[in-house]
Amino acid sequence: MVMGAAGIVAVSLIVGGYLLWTPDRRPADLEPKYLNAKSDYVDVAGMRLHVRDSGNKQAPAIVLLHGFGASLHTWEAWAVDLANDYRVIRLDLPGFGLTGADPTGDYTDTRSIAVITALMDKLGIQRATLIGNSMGGRMAWTLAALNPGRVDKLVLISPDGFASPGMEYGKKVEVPVLMKLMRYALPKGMLRPTLAAAYTDPATLNDDLLNRYYDLMLAPGVRDAVLARMGQVVLQDPVPLLRNITAPTLLLWGEKDAMIPVTNAEDYRRALPNSTLVKLPNLGHLPFEEAPARSLEPVRAFLVK
């Protein structure tokens, strides 16, 4: 029997779907590579967070907040260096990495900031310096605006928060259909160009780095959580909140950032009179991965002022 055109299409879709189907990775496969110790799982605010707490517990505390799609591992080089002089706390934010899905299904900034604050309480940290990149930068400055007594200083690395094309204040983002398909199919080759845009030097995105991002994107529940967070984000005009911030603030920006351009820094400077801008030549959105030693120099200088 000769198969009709509709049948050929149906079979092609089934075969293609089978070949592209990308299931979640099991914790037993991920933890040997990305978990230092079972004690790094901390129960906070009704969920289990993946946390690393290093350095001198009596020293001033620094909390590192990663960007969208990343994990606490993105800070590795900075965390190792800073732990010589500070208590350094980093975590996989709700919906990312080994933390995985938030049982509440709430991925708003309000919920994430409540989790971060609860973690600080659990660890006995009344005040800390917050260092945040991109989405993590938005969470850092929002926390500083709403809870100024909990923040000593702010370091904002290409922070998110101001509207951009496709992102309007007061409106939820429509998640593209193709983006939704990543829940079912996520070939590694599709992830590489998205990540590559974060670096000026393509060589930075080596196989080890790509594999880490890819593996942790496939952690249980993470893709569903990523899509849920995208659909729940509602940006508000940040200026009123930013003007409430009293903490000294360092704005750190790669001059070749292709994701949040350095021109956005002027919006923050106008709203944050107690801020300093340092531009990093020839670096992109993730300077702490691309050139950790060079990008950390202005941060260390700021921390001791």
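Up top is the structure.
Residues numbered from 1 in each chain as written. Predicted model: local features only at pLDDT ≥ 70, side-chain atom pairs only at ≥ 80, totals over all residues. Heavy atoms only, no water.

The buried fraction of strand β4 (residues 87-91) is high, at five of five residues. Burial along β4 is two-sided: the residues R87, I89 and L91 and V88 and R90 are all buried. Relative to β4, strand β2 (residues 47-55) runs antiparallel, the two being bridged by five bridges. Paired with V51 across the two strands is L91, which belongs to β4. Strand direction decides the pairing type here: strand β3 (residues 61-65) and β4, joined by four bridges, are parallel. By the bridge assignment for β4, V63 is matched with I89. (Buried < 20%, exposed > 50% of the residue type's maximum accessible area, 1.4 Å probe, protein only. Helix = DSSP H or I, 4+ residues; strand = E, 2+ residues; numbered from the N terminus. Pairing = 2+ DSSP bridges.)

What follows is about empty space enclosed by the protein. Applying the stated criterion to the full structure yields one cavity of 30 Å³ or more. Considered as a void within the structure, the largest cavity measures approximately 40 Å³ in volume. When residues in the lining of the largest cavity are grouped by element, the largest group, four residues, is from helix α8 (residues 207-217). Here the residues of the lining of the largest cavity sort into six nonpolar, three polar and one charged. (1 Å grid on protein atoms, 1.4 Å probe; cavity = no way out; pocket = protein on both sides within 12 Å on 5 of 7 lines; lining within 4 Å. Points joined across faces, edges and corners; volume = space filled by probe spheres on them. Nonpolar A, V, L, I, M, F, W, Y, C, P; charged D, E, K, R; others polar.)

Once that is clear, we can look at the sheet that holds β3. Spatial ordering of the open sheet is given by β1-β2-β4-β3-β5-β6-β7-β8, a layout of eight strands whose pairing is mixed. Two strands lie at the open edges of the sheet, namely β1 (41-44) and β8 (275-280), each paired on one side alone. Strand-to-strand twist of the sheet, defined as the mean angle between neighbouring strand axes without regard to direction, takes the value 25 degrees. (Axes fitted to C-alpha atoms, helices over the stretch in contact; angles between N-to-C directions.)

Quick look at the packing of helix α7 (residues 188-196) against α8 now. In the contact formed by α7 and α8, the axes pass within 10 Å of each other and the chain directions differ by 110 degrees. Classified by the interaxial angle, the pair formed by α7 and α8 is roughly perpendicular. Listed contacts from α8 to K188, L191, R192 and L195 of α7 are D207, L210, N211, Y213 and Y214. In terms of residue class, the contact of α7 with α8 is made up of five nonpolar, one polar and three charged. (Parallel < 35°, antiparallel > 145°, perpendicular 65-115°, else oblique. Contact = heavy atoms within 4.5 Å.)

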